[in-house]
Amino acid sequence: MRPVDAGFVLVHSPLVGPLTWAPVAAALTAAVVPSLLGVTDAPPPFWPAIARRVAEAADGLPDGVPVVIAAHSNAGYFVPVIVEAVRRRRPVAGCVFVDGALPARTGPTPIVAPILPAATGGRLPPWTAWWPDADVARLFPDPRTRHAVEAEVPRLPLTYYRQEVPVPAGWDTVPCGYLRFSEHYAPKAQEARARGWDVEHAPGLHLHQLVDPETVAARLTAMAARWQA
């Protein structure tokens, strides 16, 4: 893989854990995967802690290397505040939404879910328990990977879906792109294209970064290279 003058911060959805990005991180020249596990254990709002953790993790990239933020799934809601937090510390070369949610164009973004199962003690079941088992199994390359990922899936509080995330003005002055995997996120990719962003499609299911990390790493690298050309 051809190296580029950028380091990647791979942000996982708060509904899962950092293992969802680990294979792609291993395939990239320079990458960090901040852990958001436990970020909802403190009272809301949760976005300041998410932005802070990601910014601190970005410090682990080589000095002087601009940062590309790649946010998967639900992490897309937090990209504007993440960009603001990171670029207080170092340059941001761009951001990529990976099969994920988009922030509002202006104003705060409410976090929404396609379904919300019954909660117990104010907390939702693990995300992988929201869907039929056969559908969940198809997301993973093998049972061993599924077991490892499910072991770190948190039970989010209901308050996670009652929050709004700020959208700071000017956050998207950096190059933005969208990498779609699944058909479910085709409308989001279309919206990204309407915003004038770089859009690519690596056909697969929602956790395709676990199934074909080399292709995903290559798509992220190519997008960053185009921005720097």
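Residue positions are given per chain, counted from 1 along the sequence in the order it is written. In view of the model being predicted, local features appear only for residues whose pLDDT reaches at least 70, and side-chain atom pairs are presented and counted only at 80 or more, with totals across whole chains, interfaces and linings using the full set of residues. Side-chain descriptors were evaluated using all non-hydrogen atoms of the structure, hydrogens and water having been removed beforehand.

Quick word on the sheet that holds strand β4 (residues 92-98)
- Note on pairing: two strands pair once DSSP finds at least 2 bridges between them. Note on conventions: DSSP H or I runs of at least 4 residues are helices, E runs of at least 2 residues are strands, and numbering of each starts at the N terminus. If you trace the six strands from one edge of the open sheet to the other, you get β2-β1-β3-β4-β7-β8, paired in parallel fashion. The sheet is open, and its two borders are formed by β2 (31-32) and β8 (198-201), each paired with just one other strand.
- Where strand β1 (residues 7-11) meets strand β3 (residues 67-72), five bridges bridge the pair, whose relative direction is parallel. Its bridge partner being in β3, Leu-10 is matched across the sheet by Ala-70.
- Relative to the sheet, helix α6 (residues 186-194) contacts β7 (176-180) and β8, its axis offset from that of β7 by approximately 155°. Whether two residues are in contact is decided by their heavy atoms: any pair within 4.5 Å suffices. Simply put, an axis is a line fit to the C-alpha atoms, just over the touching stretch for a helix, and the angle between two N-to-C directions goes from 0 to 180 degrees.

Describing the state of the cysteines
- The disulfide criterion is simple: two cysteine sulfur atoms within 2.5 Å. Taken as a whole, this structure holds zero disulfides when the rule is applied.
- Considering cysteine sulfurs only, Cys-176 is the nearest to Cys-95, which forms no disulfide, with 3.3 Å between them.
- Relative accessibility thresholds used throughout: buried, under 20% of the residue-type maximum; exposed, over 50%; partly exposed, between the two (1.4 Å probe, protein chains only). When its relative accessible area of 5% is taken as the criterion, Cys-176 is described as buried.

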